[in-house]
Amino acid sequence: MLQVRLSGDIWFMGFNDRRTHLFENIWPIPHGISYNSYLIIDEKIALIDTVERQFIDDYLDHIASLIGDRQVDYLVINHMEPDHSGALKALITKYPGVTLVGNKKTFQLVESYYLKPEKVVEVYDDDTLELGRNKLQFRTIPMVHWPETMVSYEVNSGILFAGDAFGSYGTLDGGIFDDEINLDFYEVEVMRYFTNIVGKYCAHTQRAIKKLADLEIRMIAATHGPVWRTDLNWVLSRYNKWSSYDMENGVVIVYGSMYGNTQKMAEVVARRLAERGIKNIRVYDASKTHASYIINDIFKYRGFIVGSCAYNNAIFPNVGTLLTTIEHMGVKNHLLGIFGNYSWNGGGVKSLAEFAEKMKWEQVYAPVEEKGALKVDTREELLRLADAMADKLASN
Ligand code: FEO
């Protein structure tokens, strides 16, 4: 538990989860994650979001250690996903006078997940809540990351309580502010949080960035990861770049291979791309690297070349999982190449072609397919595929 004062009346309460292996039971979090809640102690006492349910007891104890016998007057719900609403029922049980602050969609979710709340304040864009010295102003940012999601802005301190937006995987290992930590560690984890959780909603993220542009934000307090108070542009510029598909020239090559033949095809393509001067080339074995990491590089680089062996006359399952993830996220604006290998009747390349059709990305060259070991003619075709990708990237 980290309990740190952000400004006069405003406290950060963060809980490090070092035990969970998969966030949302999908995404690996080898470096853990923090759940951040915020407490404003003024003439009125307000909490902003709660924490994941495994921390309920500690959470309630820490609130009590800060407010003593006083009651919590408001619980502001920026986001209802259970990693932030997990302590909601326990909080209402302990502080039955608490009023929930949210929007229409928030309360529909409160009711479907937990209970019908008795005391609520329904807010709309730019409504405010006076706490005494502090005043919260609200704005919805739908789909960053759920339909009800909103932010709360404390007008005097300039603190933006941002929910999932600008959050990160990775625990807070002592330092909580951006100037207290080495941001190199969070480079991958901030991006993975964005691509894995928010990446499907790039257009909504762009709208949110524009909607918040007029606020004089001096600190960004997200529900996961560091609090940004010194170099806000570090995280703001990255969110803007990623959510606008502002990609670099580079190629991600992903393959699924049982006996090594499809891998050899990937190596040929990678080498040719390097010979053509492309420095950003990342080659992944879909069976070894989780989609959570590969998707980061797919958001970084415009080129994507995917290869699959045939597995029982179908796509190699681990390649299929990655493609389903890409399709689910609705990733846009890529250049695509496909290749594959088979032993009897094929199936891998056929499925890749169906993926190409669905995604409507520009396919830079015809599919290249080999039967068994790589032969000279097919190798030449792979070189042409790599050349076509290099040419397209150069013309972009
Ligand atoms: Fe951290 Fe969308 O919950």
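Cut-offs and rules
Residues numbered from 1 in each chain as written. Predicted model: local features only at pLDDT ≥ 70, side-chain atom pairs only at ≥ 80, totals over all residues. Heavy atoms only, no water. Phe/Tyr/Trp six-rings, centres within 6.5 Å; stacked < 30°, edge-to-face > 60°. Helix = DSSP H or I, 4+ residues; strand = E, 2+ residues; numbered from the N terminus. Buried < 20%, exposed > 50% of the residue type's maximum accessible area, 1.4 Å probe, protein only. Domains from an automatic or database assignment. Buried area = accessible area lost by both parts, 1.4 Å probe. Salt bridge = Lys/Arg side-chain N within 4 Å of Asp/Glu carboxyl O. Polar contact = N/O pair within 3.5 Å; in protein donor to acceptor, adjacent residues only side chain to side chain. Nonpolar A, V, L, I, M, F, W, Y, C, P; charged D, E, K, R; others polar. Pairing = 2+ DSSP bridges. Contact = heavy atoms within 4.5 Å. Axes fitted to C-alpha atoms, helices over the stretch in contact; angles between N-to-C directions. Core = buried A, V, L, I, M, F, W, Y, C linked by side-chain atoms within 4.5 Å. Parallel < 35°, antiparallel > 145°, perpendicular 65-115°, else oblique.

1. Topic: the packing of aromatic side chains
1) Next: This structure, assessed with the given rule, holds 21 aromatic pairs.
2) Next: Both rings, one in Y113 and one in W146, keep their centres 6.1 Å apart while their planes meet at 45 degrees; by these two values the pair is tilted. In this pair, Y113 is assigned in helix α4 (residues 104–113) and W146 in the loop between β11 (135–140) and β12 (150–154), connecting sequence segments 33 residues apart.
3) Next: Ring geometry for F304 and W361: centres 6.0 Å apart, planes at 90 degrees, overall edge-to-face. Of the two residues, F304 is situated in strand β18 (residues 301–311) and W361 in the loop between α11 (348–359) and β21 (362–363); the sequence distance between them amounts to 57 residues. W361 carries the same exposure label as F304, and that label is buried.
4) Next: The rings of F166, F194, Y239, W242, Y245 and F299 are connected pair by pair, giving a single aromatic cluster.

2. So, the domain arrangement of the protein
1) Next: Assigned domains of the protein: these are domain 1 (2–243) and domain 2 (248–395).
2) Next: Computed from C-alpha atoms alone, the centre-to-centre distance between domain 1 and domain 2 is 39 Å.
3) Next: Around 1,100 Å² of area is buried between domain 1 and domain 2 when both sides are counted, 64% of it from carbon and sulfur atoms.
4) Next: The tally of links between domain 1 and domain 2 comes to zero salt bridges.
5) Next: At the boundary of domain 1 with domain 2, the tally comes to eight residue pairs in polar contact (both at pLDDT 80 or more).
6) Next: Contributions of two or more residues to the side of domain 1 that touches domain 2 are made by β4 (27–28), α5 (184–198) and α7 (232–243).
7) Next: A per-element tally of the side of domain 1 that touches domain 2 places α5 first, with six residues.
8) Next: When grouped by side-chain class, the residues that make up the side of domain 1 that touches domain 2 number nine nonpolar, three polar and three charged.

3. With respect to the sheet that holds strand β13 (residues 159–163)
In sheet architecture, strand pairing relies on hydrogen bonds along the backbone and comes in two forms, parallel and antiparallel.
1) Next: Taken in spatial order, the six strands of this open sheet run β10-β11-β12-β13-β14-β15, and their pairing is mixed. Looking along the sheet, the strands with just one partner apiece sit at the ends: β10 (128–130) and β15 (227–228).
2) Next: As judged from the three bridges shared by β12 and β13, these two strands associate in the antiparallel manner. Among the inter-strand pairings, E154 is bridged to a residue of β13, identified as I159.
3) Next: Helix-sheet contacts for α7 involve β14 (219–222) and β15, and the interaxial angle to β14 is about 65 degrees.

4. Describing the nonpolar core
1) Next: Grouped together as the largest cluster of nonpolar side chains are 120 residues, with contacts concentrated most on L6, Y59, I63, F304 and I326.
2) Next: Considering every element that reaches this core, the biggest residue donor is α5, with seven residues.
3) Next: Viewed by domain, this core spans two of them, domain 1 (2–243) and domain 2 (248–395), each represented by three or more residues.
4) Next: Apart from residues lying up to four places away in sequence, I63 is in contact with M13, L47, G68, V72, L91 and Y95.

5. Quick look at the packing of α5 against helix α9 (residues 291–300)
1) Next: Remark: α5 packs on α9, axes separated minimally by 9 Å, with the N-to-C direction vectors making an angle of 90 degrees. Taken together, the axis directions place α5 and α9 in an arrangement best described as roughly perpendicular. Facing α5, whose interface residues are V188, M191, R192, F194, T195 and N196, α9 presents S292, Y293, I295, N296, F299 and K300.

6. So, the side chain of S34
1) Next: Turning to its location among the elements, S34 is positioned in strand β5 (residues 33–41).
2) Next: Taking the relative accessible area as the measure of exposure, S34 reaches 0% and is therefore buried.
3) Next: Separated by 3.0 Å, the side chains of S34 and N36 make a polar contact.
4) Next: Separated by 2.9 Å, the side chain of S34 and the backbone nitrogen of G225 make a polar contact.
5) Next: When sequence neighbours within four positions are dropped, the list of residues in contact with S34 reads F15, N16, G170, T171, L172, T223, H224 and G225.

7. Quick look at the sheet that holds strand β9 (residues 120–122)
1) Next: Spatial strand order, β1-β2-β5-β6-β7-β8-β9: seven strands in an open sheet with mixed pairing. Both outer strands of the open sheet, β1 (2–7) and β9, are each paired with one neighbouring strand and no more. Direction aside, the axes of adjacent strands within the sheet are offset by 25 degrees on average.
2) Next: In this sheet, β9 lies alongside strand β8 (residues 99–102) in parallel orientation, the contact comprising three bridges. Bridging across to β9, L100 finds its partner in V120.
3) Next: Those strands touched by α4 are β8 and β9, and its axis lies near 130 degrees from that of β8.

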